[in-house]
Amino acid sequence: MRIDMPDGQEPIPYVWGEMVPGIGPAAAQFSMAVYDHSTLGLREFEAARLRIAQINGCLFCLDWRTERDGEKVEESFIDAVEDWRETDAFDERTRLAAEYAERYAVDHHGLDEEFWKRMTAHYSQAEIVELSMAIGSWLAFGRLNHVLGLDAVCALPKP
């Protein structure tokens, strides 16, 4: 870890709460809202989330699988996310979610009219905004945790 921990302190609550009490709890609430209030399908949600985890290199995020109503994506899903261009495991919405996450993270200036034409053919405007906010959350907080070395001890905060 890159942050010194006082004896007896848990890293996530300390860094996200006590160190920056005016920012950390609000950030944690935003992070949890992405999971608690998403209207996106589980596969497209996980395709975008895991693509960001792969790009960020966040250890916890790579191991985490979102569960909804007792369901999770299959174990091989993470490999399909890495191979989103070629996999036959994805429908078009799931493929676009992985593509959008990657381009959002590494080439947001390259999101051209051709991409938006495909995106708006498969996602409503509200879904695009939701997916954009979720990707932004994962990108920012996954990188924060990885850069500070918290990803090896990370646990999602309880609501």
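Residues numbered from 1 in each chain as written. Predicted model: local features only at pLDDT ≥ 70, side-chain atom pairs only at ≥ 80, totals over all residues. Heavy atoms only, no water.

S.K.: Which residues make up the nonpolar core, and what are the values?
M.R.: Ranked by internal contacts, the top residues of the largest apolar core, which has 32 residues, are Met 119, Tyr 123, Leu 131, Ile 135 and Trp 138. Counting residues per element, the ones that place at least two in this core are helix H2 (24–36), helix H3 (42–56), helix H5 (77–82), helix H6 (92–106), helix H7 (113–122) and helix H8 (125–147). If near-sequence neighbours (up to four positions away) are discounted, Leu 131 is found in contact with Leu 40, Ala 48, Ala 97, Tyr 100, Met 119 and Tyr 123. The next biggest cluster of nonpolar side chains, apart from the first, holds nine residues, and it includes Tyr 14, Val 15, Trp 16 and Leu 150. (Core = buried A, V, L, I, M, F, W, Y, C linked by side-chain atoms within 4.5 Å. Buried < 20%, exposed > 50% of the residue type's maximum accessible area, 1.4 Å probe, protein only. Helix = DSSP H or I, 4+ residues; strand = E, 2+ residues; numbered from the N terminus. Contact = heavy atoms within 4.5 Å.)

S.K.: Can you break down the pattern of salt bridges residue by residue, with the values?
M.R.: Inspection of the entire model under this criterion finds 11 salt bridges. For Glu 92, the salt bridge goes to Arg 95, with nearest N and O atoms at 4.0 Å. Highlighted residues: Glu 92 and Arg 95, both in helix H6, separated by three residues, approximately one helical turn. Glu 92 gets classed as partly exposed once you look at its relative accessible area, which sits at 33%. The buried category is assigned to Arg 95, whose relative accessible area is 17%. Members of the salt-bridge network, linked through shared partners, are Glu 99, Arg 103, Asp 112, Glu 114 and Arg 118. (Salt bridge = Lys/Arg side-chain N within 4 Å of Asp/Glu carboxyl O.)

S.K.: Can you tell me about the packing of aromatic side chains, naming the residues and giving the values?
M.R.: Under the counting rule described, the total for this entry stands at 11 aromatic pairs. Seen in terms of ring centroids, Phe 30 and Phe 141 are 6.3 Å apart; in terms of plane orientation they differ by 75°. Their pairing is edge-to-face. Of this pair, Phe 30 sits in helix H2 while Phe 141 sits in helix H8; the two residues are 111 residues apart in sequence, bridging distant segments of the chain. Residue classification places Phe 141 among the buried residues on the basis of a relative accessible area of 17%. Ring centres of Tyr 100 and Tyr 104 lie 5.8 Å apart, and the angle between their planes is 85°; this geometry places the pair in the edge-to-face category. Here Tyr 100 pairs with Tyr 104, and both are found in helix H6, just four residues apart, close to one helical turn. (Phe/Tyr/Trp six-rings, centres within 6.5 Å; stacked < 30°, edge-to-face > 60°.)

S.K.: Tell me about the environment of Cys 61, residues and numbers included.
M.R.: Positionally, Cys 61 belongs in helix H4 (residues 59–63). For the pair Cys 61 and Ala 152, spaced 91 residues apart in sequence, the C-alpha separation works out to 9.8 Å. Apart from the residues within four sequence positions on either side, Cys 61 is in contact with Arg 49, Leu 50 and Ala 53.

Remember, this is a structural readout, not a statement about activity or role.
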